[in-house]
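# Structural features, examined
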Amino acid sequence: MNFKPIKTPKIVKKIFPNYIWDIPTKEKVIYLTFDDGPTPEITTWTLDVLKQYNAKATFFCIGNNIEKYPEIFKNILNEGHSVGNHTYNHLKGWKTKTKDYLKNISQAQKVFDIQTDNLELKNKVLFRPPYGKIKPKQAKKLADLGYKIVLWDVLSFDWDKDVTPAECLNNVLSKAQNGSVIVFHDSVKASKNMQFALPLILEHYNQQGFEFKAIEISV
């Protein structure tokens, strides 16, 4: 049985303190995040479900997908959610030269800037590396450019074909707490698990008095 690191260990957070793993608070607040969109089959559904619970979230979007589906991207913004850069085409940092990685992120950022023209967004600086894999040199360069690298406290494993919908749900319910940053994916690959788990998670934490907020970082 393969070990799945659902909860990020405290030691990892201490080793990499410059990354955002969670947002410490004593208040009942959770930060849902969605990677890899916008995707027409899934993102619109996700927005509708979030709206039912007055929940805000953060969408780490792929530049190429924004170009293909700009209206869905604008809907994310219009409904009060945060957005972050997730590279132009889901590039893996560990397997990419730093120069090429930064160029790819810049290409995505240009797409973001076109679509968010005239909008004062605090969250233009958010970045999440695909697969969570980024070289220290890449992270340093991005920090110098003003980006805030957001990783996670809890992984739902919604994309994993070996994880059942019920297991996906339990991954979150068993590990999330005040200030947790939770990873889902608004992608076709993750849709079976995510579409099962998300409404139940929203309902559960809503009944517990939690608020779902978008990540916003002042610059």
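Structure report, in brief. Note that the structure is predicted; figures quoted are calculated from it, not measured. Each residue is numbered by its place in its chain's sequence as written, counting from 1. Only residues with pLDDT of at least 70 get local features here, since the model is predicted, and only at 80 or more are side-chain atom pairs given and counted; chain-wide, interface and lining totals rely on the full set of residues. Just so you know, side-chain values use all the structure's heavy atoms and leave hydrogens and water out.

## Points about the nonpolar core
Counting residues in each nonpolar core, the largest one holds 53 residues, and the members touching the most others are Leu32, Phe34 and Phe184. In what follows, residue pairs with any heavy atoms lying within 4.5 Å of each other are defined as contacts. Ignoring sequence-local partners within four residues, the contact set of phenylalanine 184 consists of Leu32, Thr33, Phe34, Asp35, Ser156, Asp158, Cys168, Val172, Met194, Ala197, Leu198 and Ile201. Definition of nonpolar core: a set of buried residues of the types Ala, Val, Leu, Ile, Met, Phe, Trp, Tyr and Cys, connected through side-chain atoms within 4.5 Å. Each residue is placed in one exposure class: buried if its accessible area under a 1.4 Å probe, protein chains only, is under 20% of its type's maximum, exposed if it is over 50%, and partly exposed if it falls in between.

## A word on unusual backbone geometry
Residues glycine 37 and proline 38 are joined by a peptide bond in cis, for which omega reads -5 degrees. Per the convention used, a helix needs a DSSP run of H or I reaching at least four residues, while a strand needs a run of E reaching at least two, with both numbered from the N terminus. One can find proline 38 in the loop between strand E1 (29-35) and helix H2 (43-52). For tyrosine 131, which is not glycine, the phi dihedral falls at a positive 65 degrees. Looking at the secondary structure, you find tyrosine 131 in the loop between strand E4 (126-127) and helix H6 (136-144).

## A closer look at the environment of aspartate 158
Relative to the helices and strands, aspartate 158 resides in the loop between strand E6 (154-155) and helix H7 (165-173). Accessibility expressed as a relative area gives 1% for aspartate 158, which makes it buried. Placed 26 residues apart in sequence, aspartate 158 and phenylalanine 184 show a C-alpha to C-alpha distance of 6.3 Å. Apart from residues no more than four positions distant in its own chain, aspartate 158 is found in contact with Cys168, Phe184, His185, Lys189, Ala190, Asn193 and Met194.

## As for the side chain of serine 191
Locating serine 191 in the fold gives a position in helix H8 (residues 191-207). A relative accessible area of 14% places serine 191 in the buried class. Once residues within four sequence positions are removed from consideration, serine 191 is found in contact with Ile42 and Phe196.

## Concerning H6
Taken together, the buried positions of H6 are Gln138, Ala139 and Leu142. Take H6 and look down its axis: the buried residues cluster within an arc of 100 degrees, on one side only. Opposite the packed face of H6, turned more than 90 degrees from it, sit the exposed residues Pro136, Lys137 and Asp144. Just downstream of H6 lies glycine 146, where phi reads positive at about 100 degrees. This arc describes the spread of directions from the helix axis toward the C-beta atoms.

## As for the packing of aromatic side chains
Within 6.5 Å between ring centres, the rings of Phe, Tyr and Trp (the latter by its six-membered ring) count as paired, and their orientation is classed by plane angle as stacked under 30 degrees, edge-to-face over 60, tilted in between. Enumeration over the complete set of coordinates arrives at ten aromatic pairs. With 5.1 Å between their ring centres and 20 degrees between their planes, phenylalanine 34 and phenylalanine 59 make a pair best called stacked. In this pair, phenylalanine 34 is assigned in strand E1 and phenylalanine 59 in strand E2 (residues 57-61), connecting sequence segments 25 residues apart. Judged by relative accessible area, phenylalanine 59 falls into the buried class, the value being 1%. Plain terms: the ring middles of tyrosine 101 and phenylalanine 127 are 6.2 Å apart, the flat faces sit at 85 degrees to each other, and that makes the pair edge-to-face.

## Quick word on the environment of asparagine 104
Along the polypeptide, asparagine 104 turns up in helix H5 (residues 98-115). C-alpha separation for the pair asparagine 104 and isoleucine 72, spaced 32 residues apart in sequence, amounts to 22 Å. Setting aside residues up to four positions removed in sequence, asparagine 104 forms contacts with Thr87, Tyr88, Asn89 and Leu91.

## What about the side chain of serine 187?
As for its position among the elements, serine 187 is in the loop between strand E7 (181-185) and H8. With residues near it in sequence (within four places) discarded, serine 187 still touches Asp36, Thr39 and Ile42.

## Remarks on a nonpolar patch on the surface
There is a patch of nonpolar side chains on the surface, built from Ile11, Ile15 and Phe16 and spanning about 300 Å² of accessible area. Take phenylalanine 16: it is sitting in the loop between helix H1 (10-15) and E1. Surface patches are defined over residues having more than 30% relative accessible area and no salt bridge, joining like charges when they lie within 9 Å and nonpolar side chains (Val, Leu, Ile, Met, Phe, Trp, Tyr) when within 5 Å. Only the protein chains shown count as cover for residues, and the accessible areas themselves come from Shrake-Rupley with a 1.4 Å probe. Any Lys or Arg side-chain nitrogen found within 4 Å of a carboxyl oxygen on Asp or Glu counts as a salt bridge.

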